[in-house]
Amino acid sequence: MSKSLKSWLSAVLLLVLFFVCACSGKSGSAGKQKVAEYGVMADYAAEESFAASPALARSSVSYAGSGRDSVSAANGTIQAAGTEGNAGNYEKKIIKTGYIDLQVENLSAAEASVEKWCKDFGGYISSSSTGRSSLSIVAHIPSDKFDEAFAVAGSFGELKNKNVSSRDVSEEFYDLSSRLENKKVLRDRLKGYLKTAKNMQDLLQIENQLNSVLSDIDSMEGSLRRLTGQIDYSQIQINASLPSYTTETGFKWPSWSGALRTFFMVILEFFRNFVFFIFYLVIIGIPVVAFAGLVYYITFGKLGLVKKFFKKLSGGSKKRE
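Note that the structure is predicted; figures quoted are calculated from it, not measured.

1. What to know about helix H5 (residues 146-153)
Logical step 1: Three or more residues of H5 are buried, namely Phe146, Ala149, Phe150 and Ala153. When H5 is viewed along its axis, its buried side chains cluster within an angular range of 100 degrees and face the same direction. Along H5, exposed side chains directed more than 90 degrees from the buried face belong to Asp147, Glu148 and Ala151.
Logical step 2: At its buried positions, H5 is contacted by strand E1 (94-103), helix H4 (107-120), strand E3 (134-142), strand E4 (158-168) and strand E5 (233-241).

Next comes the structure, spelled out in structure tokens:
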């Protein structure tokens, strides 16, 4: 191969390589430009969608805005969704409730013992009611001390009945937490839109939606606080009663006069009902019997219209034969 041919081939190869490199650079620049244009168009479309339909923007957790802000909002949403989806990997949230029925010798002493027991375990009493021969107290004890406190409460008197129930609220708790975080992300996003509103119409729409989101956040936070309180403090209801025919002052004989009064009241009630039965029977029964007799008299009795009709029919058929 001659030197001139080699030089010519080398020149052709250099030109081909130069052309390939130039095309690659242009395609890369064009790709970056398309990505940038796509981000701008996405921002514009999201802003236009938000201005045209605030309800749609509120129901979505895909927020309009600059690329960095949109990515942050999306990351927050994905993180919250991951929390909800992997709730099984988190600590179980259990609400425990205990019931104890006791028989005691003295209600005042039992009430004092329950109050001291509740204070010793770091709990609090939410309600208490006392009658002539019984009392009922609803106490809330830290959940990590529930078993120990429940066992101690059964020793305040003669145990008649006890029961423990539990409810797993893990899914409800983590779902509520994740939805609350999403609402907070949306709140922050709307506040950013509020600062960059271009006209009064956009400003009013954003404010209305922001107020709705803030109301949802307040409601969710309240629900989460109540649920957390039930999880952290288990409820134990203690019912205590005195023995039969016993009061705080001691044994009480049954009232014979009261028993006799009840007996005579039952007899009087029976006769009263019997009299009313006879009265209703006379008032309603006599007209019914009279009407039935009249119908029989007209149809099959002395007047016997129906009997005469059938006789005529049977007589006419015999003549034709």
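2. A look at the environment of Ala139
Logical step 1: Relative to the assigned elements, Ala139 resides in strand E3.
Logical step 2: When the C-alpha positions of Ala139 and Ser128 are compared, they lie 8.8 Å apart, and in sequence the two are eleven residues distant.
Logical step 3: If we ignore the near neighbours within four places in the chain, the residues touching Ala139 are Trp117, Cys118, Tyr124, Ile125, Ser234, Gln235 and Ile236.

3. Some points on the packing of aromatic side chains
Logical step 1: Counting across every chain of the model gives eight aromatic pairs.
Logical step 2: A ring pair is formed by Trp117 and Phe156, whose centres lie 6.1 Å apart and whose planes are at 85 degrees; its orientation type is edge-to-face. Taken together, the residues Trp117 in helix H4 and Phe156 in the loop between H5 and E4 connect sequence positions 39 residues apart.
Logical step 3: Since its relative accessible area comes to 23%, Phe156 is described here as partly exposed.
Logical step 4: Grouped by ring-pair contacts, the aromatic residues Trp117, Phe121 and Phe156 constitute a single cluster.
Logical step 5: Positioned above the aromatic ring of Tyr193, the side-chain terminus of Arg189 is 5.3 Å from the ring centre.

Scoring rules and cut-offs
Residues numbered from 1 in each chain as written. Predicted model: local features only at pLDDT ≥ 70, side-chain atom pairs only at ≥ 80, totals over all residues. Heavy atoms only, no water. Buried < 20%, exposed > 50% of the residue type's maximum accessible area, 1.4 Å probe, protein only. Helix = DSSP H or I, 4+ residues; strand = E, 2+ residues; numbered from the N terminus. Arc of directions from axis to C-beta. Contact = heavy atoms within 4.5 Å. Phe/Tyr/Trp six-rings, centres within 6.5 Å; stacked < 30°, edge-to-face > 60°. Lys NZ or Arg CZ within 6 Å of the ring centre and 35° of its normal.

Geometric descriptors of this kind do not, in isolation, establish any biological role.
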